[in-house]
Amino acid sequence: MNRENAQFLIKKKDYHIIFVNSPFCGTCKVAKRMLDYIEDTMDQDKFYELNATLAPDLMQKYAIKSVPCLIVFKNGEPIDRLYAFHSVPYLLKEIGPYIV
């Protein structure tokens, strides 16, 4: 997803979860595998991926401090952030209310 698509998605009314990462980040690759597993088990795409290096303005605007980051938006506002990706069960517990 590019910066313009991210800005459009953020303004929508439903919950949207954006996975902010960097192609140079090893931890981001592990986190992406966990999120891919969650999507595969749910049989739906739930996360949108944004390369942080291509959207520095969004990083600053939404005060994203590091990658990987899951940021949950509703009605154009960030309502939750997750920086620690401990395990798949941990992710499901933390973001479950937004993906059901």
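Read on for an overview of the structure. (Residues numbered from 1 in each chain as written. Predicted model: local features only at pLDDT ≥ 70, side-chain atom pairs only at ≥ 80, totals over all residues. Heavy atoms only, no water.)

1. Re the sheet that holds strand β2 (residues 47–51)
One open sheet holds the four strands; their spatial order is β2-β1-β3-β4, and the pairing between them is mixed. Strand pairing shows two members of the sheet lacking a second neighbour, β2 and β4 (77–82), which therefore form its edges. Mean inter-strand twist for the sheet, computed between neighbouring axes without regard to direction, equals 30 degrees. Each of β1 (16–21), β2, β3 (69–74) and β4 is contacted by helix α4 (residues 88–99), which is oriented at about 165 degrees to β4, the strand it contacts most. (Pairing = 2+ DSSP bridges. Helix = DSSP H or I, 4+ residues; strand = E, 2+ residues; numbered from the N terminus. Axes fitted to C-alpha atoms, helices over the stretch in contact; angles between N-to-C directions. Contact = heavy atoms within 4.5 Å.)

2. Points about the pairing of β2
Bridge count for β1 against β2 is five bridges, and the pairing is parallel. Residue pairing across strands places V20 opposite L50, the latter belonging to β2. Once the chain exits β1 it traverses helix α2 (residues 26–42) before rejoining the sheet at β2, and the crossover so formed is right-handed. (Right-handed = clockwise from strand over helix to strand, strands pointing away.)

3. Here's the deal with the nonpolar core
What tends to happen in soluble globular proteins is that the nonpolar side chains get buried as a cluster. Core analysis: the largest hydrophobic core is formed by 16 residues, its most contacted members being L35, F47, L70, F85 and L91. Broken down by secondary-structure element, the contributors of at least two residues to this core are β1, α2, β3 and α4. No other element matches α4, which puts five residues into this core. Setting aside chain neighbours within four positions, we find F85 in contact with F19, A31, M34, L35, P68, C69, L70 and L91. One finds L9, V20, A52 and L58 within the second-largest nonpolar core, a separate group that totals 15 residues. (Core = buried A, V, L, I, M, F, W, Y, C linked by side-chain atoms within 4.5 Å. Buried < 20%, exposed > 50% of the residue type's maximum accessible area, 1.4 Å probe, protein only.)

4. Section: unusual backbone geometry
What is expected of a backbone is that most residues other than glycine have negative phi and most peptide bonds are trans. Geometrically, the link from V67 to P68 is a cis peptide bond, its omega value of 0 degrees lying close to zero. Relative to the helices and strands, P68 resides in the loop between α3 (56–61) and β3. Within the chain, A63 stands out as a residue other than glycine whose phi angle is a positive 50 degrees. Mapping A63 onto the fold places it in the loop between α3 and β3.

5. Thoughts on α2
Every α-helix carries 3.6 residues per turn, so stepping three or four residues along brings you back to the same face. Relative to the 24 Å expected for 17 residues at 1.5 Å per residue, α2 spans 25 Å between its end C-alpha atoms, a close match to the ideal helical length. All buried positions along α2 are accounted for by C28, A31, M34, L35, I38 and E39. Looking straight down α2, one finds that the buried residues subtend no more than 140 degrees of arc, so they occupy a single side. The exposed set on the far side of α2, more than 90 degrees from its buried face, consists of R33, D40 and T41. (Expected span 1.5 Å × (residues − 1). Arc of directions from axis to C-beta.)

6. Some details on empty space enclosed by the protein
Using a probe with the size of a water molecule, rolled over the atoms, empty space left in the structure can be pinpointed. On inspection of all chains with the given rule, the structure shows one cavity of 30 Å³ or more. Taken as a whole, the largest cavity spans an internal volume of roughly 50 Å³. Taken together, the elements giving at least two residues each to the lining of the largest cavity come down to β1 and β3. Taken together, the residues that form the lining of the largest cavity break down as nine nonpolar, no polar and no charged. (1 Å grid on protein atoms, 1.4 Å probe; cavity = no way out; pocket = protein on both sides within 12 Å on 5 of 7 lines; lining within 4 Å. Points joined across faces, edges and corners; volume = space filled by probe spheres on them. Nonpolar A, V, L, I, M, F, W, Y, C, P; charged D, E, K, R; others polar.)

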